Amino acid sequence: MKALFLGYGRMGSAIGNAWREADLVEQVIAVDPGLPNCEQTLVYPTLEAVPPEPFDIILVAVKPALVASALAGLGEALCAQAVVISVAAGIPLAVLEQALQGRCPVVRAMPNTPVLVGAGCTGLFGGSRLTVAQHQLVGRLFAAVGSAHWVDRETQLDAVTALSGSGPAYYHLFSEALAQAGVALGLPAELARRLAADTAFGAASLQRRPEADFAALRLAVTSPNGTTAAAIEVFDQDQTLRALVLRAATAAAVRSQELSRGE
Ligand SMILES: NC(=O)C1=CN([C@@H]2O[C@H](COP(=O)(O)OP(=O)(O)OC[C@H]3O[C@@H](n4cnc5c(N)ncnc54)[C@H](OP(=O)(O)O)[C@@H]3O)[C@@H](O)[C@H]2O)C=CC1
Ligand SMILES: O=C(O)[C@@H]1CCC=N1
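Numbering of residues starts from 1 in each chain and follows the order in which that chain's sequence is written. Each chain gets a letter, beginning with A, and each ligand a number, beginning with 1, in the order they are written. In keeping with the model being predicted, local features are shown solely for residues with a pLDDT of at least 70 and side-chain atom pairs are shown and tallied solely at 80 or more, while totals for entire chains, interfaces and linings include all residues. Neither water nor hydrogens contribute to the side-chain values; these are computed over all heavy atoms in the structure.

By the naming in an unreviewed UniProt entry, the protein chain goes by Pyrroline-5-carboxylate reductase and is assigned to Pseudomonas typographi. We quote the UniProt Subcellular location (unreviewed entry) comment for the protein chain here in full: "Cytoplasm". UniProt positions are given in the numbering used here, feature names are shortened, and annotations may be inferred rather than shown by experiment. Under the UniProt heading Function (unreviewed entry), the note attached to the protein chain is "Catalyzes the reduction of 1-pyrroline-5-carboxylate (PCA) to L-proline."

A.B. asks: With reference to specific residues and values, describe the UniProt feature "domain: Pyrroline-5-carboxylate reductase dimerisation" (unreviewed entry) in the protein chain.
C.D. replies: Within this structure's numbering, the places UniProt gives as "domain: Pyrroline-5-carboxylate reductase dimerisation" (unreviewed entry) are residues 154-259. To qualify as a helix, a DSSP run of H or I must reach at least 4 residues; to qualify as a strand, a run of E must reach at least 2; elements of each kind are numbered from the N terminus. End C-alpha atoms of residues 154-259 are separated by 14 Å, and the span's content is 80% helix alongside 0% strand.

A.B. asks: Account for the site of ligand 1, with residues named and values stated.
C.D. replies: We define proximity as follows: a residue is near a molecule or strand when any one of its heavy atoms falls within 4 Å of that partner. Close contacts around ligand 1 come from 19 residues, with Arg-10, Met-11, Asp-32, Val-62 and Ala-89 the closest. The backbone of Met-11 places a nitrogen or oxygen atom 2.8 Å from an oxygen atom of ligand 1. Val-31 places a polar main-chain atom, nitrogen or oxygen, 3.3 Å from a nitrogen atom of ligand 1. Here, Shrake-Rupley sampling with a 1.4 Å probe gives the accessible areas, and only protein chains in the shown set may cover a residue. With the chains in place, 72% of the 880 Å² that ligand 1 exposes on its own is no longer accessible. Each residue receives one of three labels: charged for Asp, Glu, Lys and Arg, nonpolar for Ala, Val, Leu, Ile, Met, Phe, Trp, Tyr, Cys and Pro, and polar for the others, Gly being one of them. Looking at the shell around ligand 1, its residues break down into twelve nonpolar, four polar and three charged. Polar contact criterion, stated in full: a pair of N or O atoms within 3.5 Å, where within protein one must be able to donate a hydrogen and the other to accept it, and residues adjacent in sequence count only if both atoms are side-chain atoms.

A.B. asks: Outline the pattern of salt bridges, listing residues and values.
C.D. replies: A side-chain nitrogen of Lys or Arg and a carboxyl oxygen of Asp or Glu constitute a salt bridge if their distance falls within 4 Å. In the structure shown here, the tally under the stated rule is seven salt bridges. A salt bridge links Glu-53 to Lys-2, with the shortest nitrogen-to-oxygen separation between them at 2.6 Å. With Glu-53 in the loop between β3 (41-44) and β4 (57-60) and Lys-2 in strand β1 (residues 2-6), this pair connects stretches of sequence that are 51 residues apart. Residue Lys-2 is classed as buried on the basis of its relative accessible area, which comes to 16%. Per-residue accessibility, obtained with a 1.4 Å probe over protein chains only, is compared with the maximum for each type, and a residue is labelled buried under 20%, exposed over 50%, and partly exposed between these values.

A.B. asks: Run through the nonpolar core, naming residues and quoting values.
C.D. replies: For this analysis, a nonpolar core means a set of buried residues of the types Ala, Val, Leu, Ile, Met, Phe, Trp, Tyr and Cys, connected via side-chain atoms within 4.5 Å. One finds Leu-4, Leu-6, Leu-47, Val-50, Ile-58, Leu-71 and Leu-74 to be the most contacted residues of the largest nonpolar core, which totals 33 residues. When residues of this core are traced back to their parent elements, those giving at least two are β1, β2 (27-31), β4, α2 (67-72), α3 (76-79), α4 (93-100), β6 (106-110) and α6 (156-165). Ranked by the residues each element gives to this core, the list is headed by α4, at four residues. It only takes one pair of heavy atoms within 4.5 Å for two residues to be counted as in contact. Discounting residues that sit within four places of it in the chain, Ile-58 has contacts with Leu-4, Leu-6, Leu-74, Leu-78, Cys-79, Ala-82, Val-83, Val-84 and Ile-85. Within the second largest apolar cluster, 28 residues are counted, among which are Val-28, Val-138, Leu-141 and Phe-142.

Structure (structure tokens):
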């Protein structure tokens, strides 16, 4: 299977490298004006420079504002047998289909950066022209770099973006804050960094077990009148943390809706 990537920055290269390392695609070709050739990936500066051969998958991973113009340049020779996947936040299927003028079936995907280590999760929504076989292929491609989840309504992708698309940054921010707190409490910076990372990994591993109940996992750490209770009381004072998380996720979802209107 051959894959063409339009945009090979952080998200495009994370997915391209992961698919190649998992032997899901034999050849990855990328179009990206700013990049030199990477090992095992042929990078062209423009779409016009790509030899006119058919691709099975064309993944567009440019900034949302550039998606329509990047797709408009896709000629019949490249996309005759392809499924086009857009990972751009907010850009609706209707815009993608219009840019392609019906040349190929389209899927919207909202992955996240842990695809780099095979631990991503991706929300998916397919257009009406997608065949059952193509639906299965796209699901398999994203499941191979983490987990893949089809949503029923396109608007749900705004919530997926707010939760798991942007979500890794929220956890990284919390780890930054926790490591800084460790240093303020007297630990060497490298030890605080390591403890924050290992704690995030351990907690996530517990959360991922089947039937895991997040509240029960929290309570298992929280001895009555103990150290955790003292910290949770601060987080939960007037629902501070939960209210903040809701505000932050809502801001992300609203931004996704704005992007869909081209704002
Ligand atoms: N980063 C993330 O965690 C996630 C990102 N996304 C989505 O992925 C998309 C890309 O984001 P991200 O990878 O972070 O951004 P990057 O800026 O890292 O990557 C975009 C790349 O596209 C290149 N580019 C610009 N114009 C074109 C063009 N016409 N044709 C081909 N390549 C072009 C850019 O080059 P140059 O820099 O020189 O302009 C850049 O290298 C966005 O739409 C975003 O919404 C989705 C989920 C998660
Ligand atoms: O911040 C963004 O807009 C992109 C989409 C989800 C993660 N990064």
